Amino acid sequence: MSENKNLSVVERIKQKSDGLRGTLAEGLVDELTGAVSEDDQSLVKFHGMYQQDDRDRREERAEKKLERLYSFMIRLRVPGGFFTPEQWIATHHIAGEHSTGTIKITTRQTIQLHGLLKSHIKPTLASFSAVHLDSIAACGDVNRNVTCAAHPHQSPIHEQIHAYAARISELLLPKTKAYYEIWLDQEKLTDKKEEDDALYQDRYLPRKFKVGIAIPPNNDVDVLTNDLGLIAIIENDELKGFNIAIGGGLGTTHGNPETYPRLASVIGFSPADDGLLKVIYEIVTIQRDYGNRSDRKLARLKYTLDKYGIDWYRQELAKRTGFELQDARPYSFTDRKDYYGWQQNHQGLWYYTPFVESGRIYDDEKLPLKTALLEIAQTGKANFRFTGNQNLILADIRKKDKALVNGILEKYGVLQHTEAASAIRRNSIACVALPTCPLALAEAQRYLPSLIGHIEKLLTGHALQEEAIIIRMTGCPNGCGRPFAAEIGFVGTSAGRYNLYLGGDHEGTRLNRLYKENLDEAAILKELDLLFWLYKKERITGESFGDFALRQRWFKA
Ligand code: SRM
Ligand code: SF4
């Protein structure tokens, strides 16, 4: 078992939290501050929320001797990223009434609202609950939102595979009823035995835990960046089971060589029967028992796996499940993309994927996207599916309703906006970063769109504008936009400066490498201009930019 002599502070907070209750109920009604207590800030994460403050306004508030402008971010639990139109309509209004108004689609197929004042949390969660949505375990040291290949046209058995996202989410949900008590005013349990939790006990996991499901050949969920990745193995349109991959994770810390990004290792195959859920459950219990509980920087499963080794992990898993995994089955990925525009599935249903830059849904003069999506939801003719690339798919539209939806998209300019987006822009991801993320060292979603504008000009100058280069930016090395798995990755180091990583592939099976450090915009554009020139001149036909970068050994020795 893990050495737990020097338990981290968060471990003690969890254990004495009374099933994640802490003093949240009391803190909520304390009108003297917009914040909750320090311990409760750790606990509130398990309920799907983060306490934040507006970093743009810190100085101004300090000058006026006011406390920081505290607010909360709420992240929903939406396994596989599926919303009914009613759920979208509710979210639209909740966002307007209680948050900044922007709906942010995340890299894990769910949505976040920012800027909620403390007094708005309960009404928000009650309104979500009314449409069967919750934020339980969307954050914290538990299993997070389970992702799944987004596009139903990818496979005739998409629905069958997609259902595993909800099953796994349910299997790994904490048993505590604190969420219902604190936020939804349900009665306190009289018999606490009802929330005995064999999986999480009173200590939960050493760190966050992520599960993703891919349906080859597309790897739109970046399955190998998860603690546990399931790769569907399909033969003759029949689901045979899943290859099991463990130990993915991207978070690193500048200057701490003990931290590193890692792609998951495939350790075997499990048929799609009850044994599969046992395998998943026990992979989590091993991480619970052996993960590092003293240093949170080294607590993810990737470090446990590298400490004990793959063979040990397989054996320990077999000991706990009572059977061995079968040998992994062959599979291959070709891409990680969203299928923009109209697509049709095997049942004749239609799907439209608009381009949502950095996953942010709001209205502006150029594009009233939020209004357009509300109007589509109000027709009741389309479901909403979120993708791991921060986009959404207007889904399951019948042939007779396609013209109606298309008309709304056209009326508001969404069709035109999507068609006009360049190949590189369509393949971009940026994390939230400033002004809400407390860990951001530099901008990301507020900056990448304009940087891409400059990069587009360089690409056009080299006649490379059709290249669908995967480009990602984060404001710090935690990797929320998965920059270490991009062909071009930018990772913030300080205001206006980024480390540049090159050499990821299109399939999501290779990490990139650090090329240059601390570049400002001028230096980034100068570097890329030269690299694009070389790429145009010396590439092999069809060679992607990431493959070329690797072949050229464009990385720091
Ligand atoms: Fe993340 C922490 C946003 C996906 C690795 N992430 C954060 C926090 C909560 C900052 C904090 O701890 O206070 C960010 C909130 C910003 C804000 O204001 O909203 C944040 N992460 C996000 C989102 C919203 C980025 C986005 O723009 O889409 C994504 C929400 C996903 C979701 O719906 O659950 C998001 N985060 C990821 C991913 C990508 C993924 O999972 O596919 C990663 C890399 C994969 C991984 O987990 O290794 C990721 N986030 C982290 C880490 C580093 C963890 C580590 O192992 O070191 C942190 C920092 C931490 O946990 O201490 C972090
Ligand atoms: Fe914040 Fe860093 Fe994650 Fe971006 S990568 S959202 S800056 S923690």
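Here, the structure is the one placed above.
Along each chain, residues carry numbers from 1 onward, in the same order as the chain's sequence is written. Going through the entries in the order they are written, you letter the chains from A and number the ligands from 1. In keeping with the predicted nature of the model, local features appear solely for residues at pLDDT of at least 70, side-chain atom pairs appear and are counted solely at 80 or more, and the whole-chain, interface and lining totals rest on all residues. Processing note: side-chain calculations cover all non-hydrogen atoms of the structure and skip hydrogens and water entirely.

The buried fraction of strand β9 (residues 238-246) amounts to 7 of the 9 residues, a majority that puts the element mostly inside the structure. Two strands qualify as a pair provided DSSP detects at least 2 bridges between them. Note on conventions: DSSP H or I runs of at least 4 residues are helices, E runs of at least 2 residues are strands, and numbering of each starts at the N terminus. Note that strand β8 (residues 228-235) and β9 share 8 bridges and pair antiparallel. Paired with L228 across the strands is I246, a residue of β9. Once β8 ends, the chain turns through 2 residues before running back antiparallel as β9, passing N236 with a positive phi of about 45°. In terms of strand pairing, β9 meets strand β10 (residues 265-271) through 6 bridges, oriented antiparallel. What sits directly across from F242, in β10, is S270. Burial classes: relative accessible area under 20% of the type maximum marks a residue as buried, over 50% as exposed, and values in between as partly exposed (1.4 Å probe, protein chains only).

Looking now at the site of ligand 2. Every residue near ligand 2 is listed here: C431, A433, C437, L439, A440, T474, G475, C476, N478, G479 and C480. Classifying every residue of the shell around ligand 2 by side-chain character gives 7 nonpolar, 4 polar and no charged. What makes a residue near a molecule or strand is one non-hydrogen atom of that residue sitting within 4 Å of it. Gly counts as polar in this scheme, as do all residues outside two lists: the nonpolar Ala, Val, Leu, Ile, Met, Phe, Trp, Tyr, Cys and Pro, and the charged Asp, Glu, Lys and Arg.

What follows covers the site of ligand 1. Taken together, 30 residues lie near ligand 1, and T106, L250, T436, C480 and R482 sit nearest. N or O atoms within 3.5 Å of each other form a polar contact, as long as, within protein, one can give a hydrogen and the other can take it, and as long as residues adjacent in sequence are counted only when both atoms are side-chain atoms. Here an oxygen atom of ligand 1 sits 2.9 Å away from a polar atom, N or O, in the side chain of R207. Contact distances for ligand 1 include 3.5 Å between an oxygen atom and a backbone N or O atom of G251. Among the secondary structure elements, those contributing two or more residues to the shell around ligand 1 are β1 (49-53), β2 (70-75) and β5 (111-116).

Turning our attention to the packing of aromatic side chains. In this analysis, rings of Phe, Tyr and Trp, with Trp reduced to its six-membered ring, are considered paired at centre separations within 6.5 Å, and the interplanar angle assigns stacked below 30 degrees, edge-to-face beyond 60, and tilted for intermediate values. Tallied over the entire structure, the rule returns 25 aromatic pairs. On the numbers, 5.7 Å between centres and 80° between planes, the contact of Y179 with Y180 is edge-to-face. Look at Y179 and you get buried, because its relative accessible area is 4%. Both rings, one in F532 and one in F545, keep their centres 5.4 Å apart while their planes meet at 65°; by these two values the pair is edge-to-face. In this pair, F532 sits in helix α17 (residues 521-538) while F545 sits in helix α18 (residues 545-551), placing the two residues 13 residues apart along the sequence. Exposure class is identical for F532 and F545. Each is buried. Connected via pairs of aromatic rings, a cluster forms that spans F532, Y535, F545, F548 and W554. Charges are assigned to positions over rings by a cutoff of 6 Å between ring centre and Lys NZ or Arg CZ, combined with an angular limit of 35 degrees from the ring normal. Between K302 and the ring centre of Y260, over which it is positioned, the NZ or CZ distance is 6.0 Å. Directly above the ring of W350 sits K402, whose terminal nitrogen or CZ lies 3.9 Å from the centroid.

Here the focus is the sheet that holds β10. Hydrogen bonds between backbone atoms are what pair the strands of a sheet, whose relative direction is either parallel or antiparallel. Spatial ordering of the open sheet is given by β6-β7-β8-β9-β10, a layout of 5 strands whose pairing is mixed. Of all strands in the sheet, those with a lone pairing partner are β6 (147-148) and β10, marking the two edges.

Honestly, that's just the spatial picture; any functional story needs more than this.
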